[in-house]
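Listed here are the chains, written in short residue letters.
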Amino acid sequence: MAKKWYVLHTYSGYENKVKTNLETRIETMGLEDSVFAIEIPTETVTEIREGGKRVESEKKVFPGYVLVRMELDDRSWAAVRNTPGVTGFVGSQGNPSPLTRDEYNKIMKRTSREAPKKTSTNLEVDQSVKVTNGPFTDFDGVITEVSPEAGKVKVLVSLFGRETPVELPFDSVVRI
């Protein structure tokens, strides 16, 4: 029987507990030859807080889901399915559907060290901001676009009586 990756649905926030419970069950039930790996895909996200302070944290890519590499048989299915915190396997009509190699690679690529870092912010379109550094320091403006991937915002700044769009890094503006 082939070793395949399956997706478990868990109570949100219980992913780490499910992983620990599952590892314990595998050991106590002697299923090391059926269940091989348990992954909780995470990625590093840089949050930009008030005043431009950057805080890096690990965020779950798919909250409420855990990946398990296993040979699916009645015994391994029952052990995994009845683990506290697990609500079921992802699949159709209650049948677990394995991930394709492509799907698994895409998920794990997001979690790799080479994956582009994500940036999040509490800045929003139509919000009034003050520019804190650069050539437009102390200018007020309104956000017209937020680009979390690039870590930038577009701000309409009033320059010589005209609205001028300016692209700035998140840490160059503060809400007013």
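For the structure, see preceding data.
Residues numbered from 1 in each chain as written. Predicted model: local features only at pLDDT ≥ 70, side-chain atom pairs only at ≥ 80, totals over all residues. Heavy atoms only, no water.

## Considerations on the pattern of salt bridges
Item 1. Tallied over the full model, the rule gives two salt bridges.
Item 2. For Lys130, the salt bridge is made with Asp140, and the minimal N-O distance between the two is 3.1 Å. Of the two residues, Lys130 is situated in strand S10 (residues 128-131) and Asp140 in strand S11 (residues 140-147); the sequence distance between them amounts to ten residues.
Item 3. Linking Glu145 and Lys154 is a salt bridge whose minimum nitrogen-to-oxygen distance equals 3.9 Å.
Item 4. Here Glu145 falls in the partly exposed class, since its relative accessible area comes to 35%. (Salt bridge = Lys/Arg side-chain N within 4 Å of Asp/Glu carboxyl O. Helix = DSSP H or I, 4+ residues; strand = E, 2+ residues; numbered from the N terminus. Buried < 20%, exposed > 50% of the residue type's maximum accessible area, 1.4 Å probe, protein only.)

## Focus on the nonpolar core
Item 1. One finds Leu8, Leu22, Val66, Val68, Met70 and Val80 to be the most contacted residues of the largest nonpolar core, which totals 16 residues.
Item 2. Contributing elements (two or more residues each) for this core: strand S1 (4-10), helix H1 (15-28), strand S2 (35-39), strand S5 (65-70), helix H2 (74-81) and strand S6 (86-89).
Item 3. The next biggest cluster of nonpolar side chains, apart from the first, holds 13 residues, and it includes Ile48, Leu123, Val129 and Val166. (Core = buried A, V, L, I, M, F, W, Y, C linked by side-chain atoms within 4.5 Å.)

## Remarks on the packing of aromatic side chains
Item 1. Scanning all chains against the criterion turns up four aromatic pairs.
Item 2. Ring centres of Tyr6 and Phe89 lie 6.2 Å apart, and the angle between their planes is 90 degrees; on these two criteria the pair is classed as edge-to-face. Of the two residues, Tyr6 sits in strand S1 while Phe89 sits in strand S6, which places them 83 residues apart along the sequence.
Item 3. Looking at Tyr6, the relative accessible area reads 6%, which means it is buried.
Item 4. Measuring from ring centre to ring centre gives 5.9 Å for Phe136 and Phe139, while their planes differ by 80 degrees; the resulting arrangement is edge-to-face. (Phe/Tyr/Trp six-rings, centres within 6.5 Å; stacked < 30°, edge-to-face > 60°.)

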